[in-house]
Amino acid sequence: MRKILFSSIMLMLVFSCKKESGPFLNGGNSSDLAGTRWHIYQYRDEASSVPQTRNDTLTFSDATNYKYNNLFYRYYLNTSDYTHLTLRSTPFGDIDGTVPNNFIQNGEIIAVPFSQLQPSGGLTYYLWLRKF
């Protein structure tokens with residue numbers, strides 16, 4: 001009887017666990033980027049007023065993985081109150097930006113600030129992206 005009771009309690013615990021979503025975990029329509037390709041065609045850092053040309057390709061393979069110029073990395077798209085796109089391991093570092101809620105449908109991100117993720121806050125880069 002004890003074994004049955006213990007097994008039942010363990011099963012209830014396992015099936016009642018729920019993964020919490022934090023600021024950089026996927027939420028909402030996170031898989032919307034899966035299968036899309038984007039081109040970073042301009043950027044500027046916070047100290048400059050003149051955008052620089054860039055020719056980088058981002059290919060989103062699923063809800064958490066993408067290729068940056070054919071190298072695999074992770075990304076996070078959180079679509080709660082605001083839409084945050086976090087890109088890991090870019091030439092700009094690990095960066096996060098608040099993008100327009102309709103950026104996927106519009107197929108473009110224009111001059112959105114992406115800040116480096118660091119405990120003390122890092123540099124900010126403004127990126128221009130267009131969907132292929």
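If you're wondering where the values come from, they're calculated on a predicted model, not measured in any experiment.

The subject of this paragraph is the pattern of salt bridges. Close approach of charged atoms allows side chains of opposite charge to pair. Applying the stated criterion across every chain yields a total of 3 salt bridges. Between Asp 56 and Arg 54 there is a salt bridge, with the nearest N and O atoms lying 2.5 Å from each other. For the salt bridge of Asp 94 with Arg 88, the shortest nitrogen-to-oxygen distance reads 3.5 Å.

Let us now look at unusual backbone geometry. One non-glycine residue with positive phi stands out, namely Ser 89, at about 60°. The residue Ser 89 is located in strand E5 (residues 83–90) in this model. With relative accessibility at 38%, the residue Ser 89 sits in the partly exposed group. Of note in the backbone geometry, Ala 111 takes a positive phi value of approximately 50° without being a glycine. Structurally, the position occupied by Ala 111 is in strand E7 (residues 108–116). Classification of Ala 111 as partly exposed rests on a relative accessible area of 30%.

Our next topic: the side chain of Asp 56. Residue placement: Asp 56 occurs in strand E2 (residues 52–60). Note on Asp 56: relative accessible area 6%, which makes it buried. In this structure the side chain of Asp 56 is engaged in a polar contact, spanning 2.5 Å, whose partner is the side chain of Arg 54. Of the polar contacts made by the side chain of Asp 56, one reaches the side chain of Tyr 68; its length is 2.5 Å.

Each value, and the rule that gives it
Residues numbered from 1 in each chain as written. Predicted model: local features only at pLDDT ≥ 70, side-chain atom pairs only at ≥ 80, totals over all residues. Heavy atoms only, no water. Salt bridge = Lys/Arg side-chain N within 4 Å of Asp/Glu carboxyl O. Helix = DSSP H or I, 4+ residues; strand = E, 2+ residues; numbered from the N terminus. Buried < 20%, exposed > 50% of the residue type's maximum accessible area, 1.4 Å probe, protein only. Polar contact = N/O pair within 3.5 Å; in protein donor to acceptor, adjacent residues only side chain to side chain.

Treat this as a map of the structure, not an account of what it does.
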